[in-house]
Amino acid sequence: MNKLHLAQLPTPIEKIGYLSNKYKPNIFVKRDDLTDSVASGNKIRKLEYSVAEALSLGCDTLITNGGFQSNHCRSTAAVAAKLGLKCILILRKEPGENIETANFLLDHMLGADIRVKEHDDFQAHKDEMMQEVYQEVLDKGGKPYIIPMGASNGIGTLGYIDAFDEILEYEKKTGIVFDTIIDAVGSGGTYTGLYLGNELRQAHKDIVGINVCDDADFFIKEINSIIDDTLSHLDVKDVERSHIHIIDGYVGRGYSLSRKEELEAISDLSRHSGIILDPVYTGKAYYGLIHELEKGTFDHAKNILFMHTGGIYGLFSKSKEIISA
Ligand SMILES: *Cc1c(COP(=O)(O)O)cnc(C)c1O
């Protein structure tokens, strides 16, 4: 498959002394928050494949969608600006949400053509809206390319098979072997890439996803369908599906809504490690991780690798909540 080189790779892996002293396993963090500055996070690894396909098809306009504070949309807008492509974003605005800051501010500065839709309208008509914009670009003589939400299709997911290989390279170089890899699951592509890497390379790790929206059943179906789509781009018939491991129970108040204790956990880690997690994905997964560590779920593990998938800008839309947490 075609691939662009957009991200700063390999991203570092750091052992977190604070957590490794406190809990039984050693806990490491893979710093995929450092893949870039403005395009940072996990989405840029997916976009290396998605946008390569767009360019190989001669497309000049990227169309995608997400929440008002979508990291994926911000990364897409940044990559488009860098490559001289147009970018149209359809953003879902929650009732009462009117915070023109953080990712939304960056989308604006990066020159994205932003279409804001109210939550209910977006949920009911997202696919038609994407098709309408697609047609609009065609009518104006442009060449549109649609990237699905989170770039969590087969093409985008290839980026996280590469990330898995990057982890294996690190193991080979250092002799440190991770038995468990943990990531936040929002649309499922990152998890699926790591899962497929593990199956294809027969690495026998426990790939654990902590969902930040919906539930485990929803994501097991979703991940199976992303596996099908990803395998269609690879010369592989099938992989074992029974190792999919999703820990449910940490959605809290709902997607992108924070609880005081989640925000406290994020600030606690910041103070003790200098690592800043985001409130929507990694903060919830981290809150889940420490609770599972306290319950003894990972007592058998020696080395846990937690994926920091980025999202730092999202914090700026929650500054009041964080300061009062
Ligand atoms: C999108 C996102 C995730 C979730 O990744 P998916 O591949 O959508 O499951 C995790 N962390 C951050 C910061 C994200 O922006």
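Please read these numbers as outputs of a predicted model, since none were measured by experiment.

*Asks:* I keep staring at the overall build of the protein chain and nothing clicks. Help me out?
*Replies:* Scanning the protein chain from terminus to terminus reveals eleven helices and ten strands. At 19 Å, the protein chain has a C-alpha radius of gyration in line with the 20 Å of a compact globule built from 325 residues. With the C-alpha coordinates aligned to their principal axes, the bounding extent of the protein chain is approximately 60 × 50 × 35 Å. Buried residues in the protein chain amount to 54% of all 325 residues. Sequence separation of at least 24 residues holds for 78% of the intrachain contacts in the protein chain that already meet a minimum separation of 6. Of the roughly 13,900 Å² that the protein chain leaves accessible, carbon and sulfur atoms contribute 50%. Across the protein chain, the 35 positively charged side chains and the 48 negatively charged ones have centroids separated by 4 Å.

*Asks:* Looking at this structure, I do not really get the UniProt feature "domain: Tryptophan synthase beta chain-like PALP" (unreviewed entry) in the protein chain. What am I missing?
*Replies:* The feature "domain: Tryptophan synthase beta chain-like PALP" (unreviewed entry), as annotated in UniProt, sits at residues 7-310 in this numbering. Note that residues 7-310 is 46% helix and 18% strand, and that its end C-alpha atoms are spaced 13 Å apart.

*Asks:* I'm lost on the pairing of strand E8 (residues 206-211) in this one. Help?
*Replies:* Here is the key point about a regular strand: its side chains alternate between the two faces of the sheet. In terms of burial, E8 is a largely internal element, five of the six residues being buried. At this point the chain moves from strand E7 (residues 180-185), through helix H7 (residues 189-200), to the parallel E8, and the crossover so formed is right-handed. Both E8 and strand E9 (residues 245-247) contribute to a ladder of three bridges, which runs parallel. Opposite Gly 209, over in E9, you have Ile 246 as the bridge partner.

*Asks:* How should helix H10 (residues 282-295) be read in this particular structure?
*Replies:* Turn by turn, an α-helix covers 3.6 residues, leaving residues three or four places apart pointing in a common direction. Compared with the 20 Å implied by 1.5 Å per residue over 14 residues, the 20 Å span of H10 between its first and last C-alpha is a close match. Here H10 lies mainly inside the structure; eleven of its 14 residues are buried. Listed in full, the buried residues belonging to H10 are Thr 282, Gly 283, Lys 284, Ala 285, Tyr 286, Tyr 287, Gly 288, Leu 289, Ile 290, Glu 292 and Leu 293. Following H10 by one or two positions, Gly 296 has its phi on the positive side, about 90°.

*Asks:* Just to check I follow, could you spell out a nonpolar patch on the surface for this structure?
*Replies:* Together, Ile 276, Ile 312 and Phe 316 make up an exposed nonpolar region whose accessible area comes to about 260 Å². Tracing the backbone through its elements, the reader meets Phe 316 in the loop between strand E10 (303-308) and helix H11 (319-324).

*Asks:* Honestly, the site of the ligand in this entry has me stumped. Any pointers?
*Replies:* The ligand sits among 16 residues. The nearest are Lys 43, Lys 46, Ser 187, Thr 190 and Thr 309. Measuring from an oxygen atom of the ligand, one finds a side-chain N or O atom of Thr 190 at 2.7 Å. In isolation the ligand offers 380 Å² of accessible surface; the protein chains occlude 98% of this area. Every element with two or more residues in the shell around the ligand is listed here: helix H2 (43-56), E7 and H7.

*Asks:* What exactly am I supposed to notice about the environment of Asp 179 here?
*Replies:* Tracing the sequence through the fold places Asp 179 in the loop between helix H6 (154-174) and E7. Looking at Asp 179, the relative accessible area reads 27%, which means it is partly exposed. It is 38 Å that separates the C-alpha atoms of Asp 179 and Leu 62, two residues lying 117 residues apart in sequence. Not counting chain neighbours up to four residues away, the residues in contact with Asp 179 comprise Lys 205, Asp 206, Ala 301, Lys 302 and Asn 303.

*Asks:* What's the story with the pattern of salt bridges in this structure? I'm lost.
*Replies:* Between side chains of opposite charge, a pair can form when the charged atoms approach closely. Counted according to the given criterion, the structure contains 23 salt bridges. Across the salt bridge formed by Asp 228 and Arg 241, the nearest N and O atoms sit 2.7 Å from each other. Residue Asp 228 is found in helix H8 (residues 216-231), and its partner Arg 241 is found in the loop between H8 and E9; the two are separated by 13 residues along the sequence. We classify Asp 228 as partly exposed; its relative accessible area is 44%. Between Lys 295 and Glu 292 there is a salt bridge whose closest N-O contact spans 3.1 Å. Note that Lys 295 and Glu 292 are positioned in helix H10 at a spacing of three residues, about one turn of the helix. Residue Lys 295 is classed as exposed on the basis of its relative accessible area, which comes to 62%. Given a relative accessible area of 5%, Glu 292 falls into the buried group. Connected through shared salt-bridge partners, Lys 30, Asp 32, Arg 45 and Glu 166 make up one network.

Quick notes on the rules
- Residues numbered from 1 in each chain as written.
- Predicted model: local features only at pLDDT ≥ 70, side-chain atom pairs only at ≥ 80, totals over all residues.
- Heavy atoms only, no water.
- Helix = DSSP H or I, 4+ residues; strand = E, 2+ residues; numbered from the N terminus.
- Rg over C-alpha atoms; globule rule 2.2 N^0.38 Å.
- Buried < 20%, exposed > 50% of the residue type's maximum accessible area, 1.4 Å probe, protein only.
- Contact = heavy atoms within 4.5 Å.
- Areas by Shrake-Rupley, 256 points an atom, 1.4 Å probe, with all protein chains shown as cover.
- Lys, Arg positive; Asp, Glu negative; His and termini not counted.
- Charge placed at Lys NZ, Arg CZ, Asp CG, Glu CD.
- UniProt positions renumbered as here; feature names shortened; annotations may be inferred.
- Right-handed = clockwise from strand over helix to strand, strands pointing away.
- Pairing = 2+ DSSP bridges.
- Expected span 1.5 Å × (residues − 1).
- Patch = residues over 30% accessible without salt bridge, like charges linked within 9 Å, V, L, I, M, F, W, Y side chains within 5 Å.
- Salt bridge = Lys/Arg side-chain N within 4 Å of Asp/Glu carboxyl O.
- Near = heavy atom within 4 Å.
- Polar contact = N/O pair within 3.5 Å; in protein donor to acceptor, adjacent residues only side chain to side chain.

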